[in-house]
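# Observations on the model geometry
Chain residues, written in single-letter form:
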Amino acid sequence: MSEFDIVDAAAIREGRATDAYFERTEAALEAAGRNPRVVAEVTADQFPDGEFELFAGLGDAVELLAGRGVDVDAIPEGRLFDGGPVMRIEGPYAAFARLETSLLGFLSHASGMATAALDCRVAAPDSSVLSFGARHVHPAMAAAVERSALVGGFDGFSHVAAGELLGREASGTMPHALAICFGRGEQEAAWRAYDDGVPGDAPRIALCDTYSDEVDEVLRAVETLGDDLDGVRLDTTGSRRGDFRHIVREVQWELEARGHGDVDVYVSGGLGPADLRDLRDLADGFGVGGYVSNADPVDFALDLVAVDGEPAAKRGKLSGAKSVYRTEDGAHAVGLAGRSGPDGAESLMEPVIRDGEVVADEALDLSASTERALADAEAVGYGDDE
């Protein structure tokens with residue numbers, strides 16, 4: 001029994017992290033002596049409708065499917081999709097049948113969070129944006145949250161263990177708890193302790209809204225830390241926030257008036273894309289939490305579309321293997337595989353596994369995924385209607 005309520009990696013790899021009916025399907029096929037070669041596709045929407053989403057989670061999906069004796073094609077992580085498949089699996093059905101539950105979970109949750117992160121990134125393209133959302137999910141999900149945020153264009157994240165797993169250093173400032181540990185009226189002591197205690201290369205960013213007016217605490221922090229102060233963070237709870245834009249403008253004004261215009265102002269606390277658009281001309285950076293970590297998963301499904309070389313599909317689904325394209329005008333197009341696509345269109349599906357062997361490392365690279373996401377967002381005009 002696990003010490004925590006966590007389904008471990010072994011259960012996922014072995015296919016025990018599955019819905020019971022897949023075990024029963026395997027038993028039924030084995031009893032019948034049947035294991036057809038199939039083509040299966042992971043799809044959210046069959047036809048484009050102009051609502052793009054960002055594909056993420058491919059690395060975990062490939063890790064799950066590698067070594068299973070199947071061929072897998074997928075759009076690279078960090079591409080925007082709108083209709084048609086994001087992944088195609090071909091091989092004996094029993095080789096991957098019981099993996100469907102975990103496969104869809106990897107792709108659905110990561111793609112939903114990455115899409116939400118991209119919403120924020122395009123809302124404030126020139127600002128620093130950090131992910132603060134790991135506290136809103138089960139700790140087993142933390143690395144998936146932070147990686148998805150990076151795929152969507154975030155500059156960093158706060159979770160230490162996720163950073164160790166992803167090979168990235170976690171970022172952060174200070175919590176209200178530090179100031180409260182010193183007591184009301186003793187914020188200066190908290191800021192000094194922070195300055196004395198954290199590593200020398202860590203930015204000195206003081207949280208300035210624990211007990212009193214934001215402007216008051218900001219000016220006291222400047223007086224306390226002087227030139228060592230790199231920035232201040234405002235995290236006023238929504239119930240007391242008032243006009244946040246006015247608060248930030250007032251803080252910026254008073255800093256400038258006292259010759260401290262080089263002190264950066266960071267904002268956090270329940271923010272989403274609309275807040276970032278409203279504040280991006282004033283704030284130097286943002287911490288975004290629940291908007292990303294609590295994003296709705298993309299509603300992917302896995303459907304068989306061919307059996308033993310013949311097109312097949314359940315009612316309401318499109319049979320036959322498909323290709324997806326980015327057209328010259330930035331649209332998404334879907335067509336039957338093996339047929340010609342739209343003139344001048346780019347085919348998005350790429351080989352990632354052949355006979356169980358991973359063949360496309362670049363499609364899984366985190367930095368490359370982020371670059372693809374930002375380039376694709378520009379190409380399709382993502383967020384232009386906001």
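Residues numbered from 1 in each chain as written. Predicted model: local features only at pLDDT ≥ 70, side-chain atom pairs only at ≥ 80, totals over all residues. Heavy atoms only, no water.

### Let's talk about the environment of Val 232
Tracing the sequence through the fold places Val 232 in strand E9 (residues 231-234). Given a relative accessible area of 0%, Val 232 falls into the buried group. Along the primary structure Val 232 and Arg 204 are separated by 28 residues, whereas in three dimensions their C-alpha atoms are 8.3 Å apart. Among all residues touching Val 232, those that are not within four sequence positions of it are Ile 205, Ala 206, Cys 208, Val 218, Val 263, Asp 264, Val 265 and Tyr 266. (Helix = DSSP H or I, 4+ residues; strand = E, 2+ residues; numbered from the N terminus. Buried < 20%, exposed > 50% of the residue type's maximum accessible area, 1.4 Å probe, protein only. Contact = heavy atoms within 4.5 Å.)

### Some words on the domain arrangement of the chain
The domain architecture assigned to the chain consists of domain 1 (7-112 + 295-378) and domain 2 (125-292). Once you take the C-alpha centre of each, domain 1 and domain 2 turn out to be 38 Å apart. At the interface, 16 residues of domain 1 touch 11 residues of domain 2. Interface area, domain 1 with domain 2, both sides summed: about 920 Å², of which 57% is carbon and sulfur. For the pair domain 1 and domain 2, the number of links is one salt bridge. Here Glu 77 ties to Arg 147 by a salt bridge, and the two come within 2.7 Å at their closest N and O atoms. Our count for the domain 1 to domain 2 interface comes out at six residue pairs in polar contact (both at pLDDT 80 or more). Those elements giving two or more residues to the side of domain 1 that touches domain 2 turn out to be helix H4 (100-123) and helix H13 (366-380). Across the side of domain 1 that touches domain 2, the residue classes break down as nine nonpolar, five polar and two charged. (Domains from an automatic or database assignment. Buried area = accessible area lost by both parts, 1.4 Å probe. Salt bridge = Lys/Arg side-chain N within 4 Å of Asp/Glu carboxyl O. Polar contact = N/O pair within 3.5 Å; in protein donor to acceptor, adjacent residues only side chain to side chain. Nonpolar A, V, L, I, M, F, W, Y, C, P; charged D, E, K, R; others polar.)

### Some points on the sheet that holds strand E5 (residues 85-92)
Spatially, the seven strands line up as an open sheet ordered E13-E12-E1-E5-E3-E17-E18, and their pairing is antiparallel. Of all the strands in the sheet, just strand E13 (310-311) and strand E18 (357-358) have a single pairing partner and so form its edges. As defined by bridge partners, strand E1 (residues 37-43) adjoins E5 across seven bridges and the pair is classed as antiparallel. Note on E5: the bridge partner recorded for Arg 37 is Pro 92. Of the strands in this sheet, strand E3 (71-74), E5, strand E17 (350-354) and E18 are in contact with helix H3 (residues 58-65), which crosses E5 at around 5°. This element, H4, spans E1, E5 and strand E12 (301-307) of the sheet and lies at about 125° to E12. (Pairing = 2+ DSSP bridges. Axes fitted to C-alpha atoms, helices over the stretch in contact; angles between N-to-C directions.)

### Some details on the packing of helix H8 (residues 187-197) against helix H9 (residues 214-225)
Relative orientation of the contacting elements H8 and H9 amounts to 50°, with a least axis distance of 10 Å. Taken together, the axes of H8 and H9 are oblique relative to one another. As for how H8 packs across H9, the hand of that crossing is right-handed. Contacts from Gln 187, Glu 188, Trp 191, Arg 192 and Asp 195 of H8 reach H9 at Glu 217, Arg 220, Ala 221, Thr 224 and Leu 225. Its residues placed into classes, the contact of H8 with H9 shows three nonpolar, two polar and five charged. (Parallel < 35°, antiparallel > 145°, perpendicular 65-115°, else oblique. Left-handed = near helix turned anticlockwise from the far one by under 90°.)

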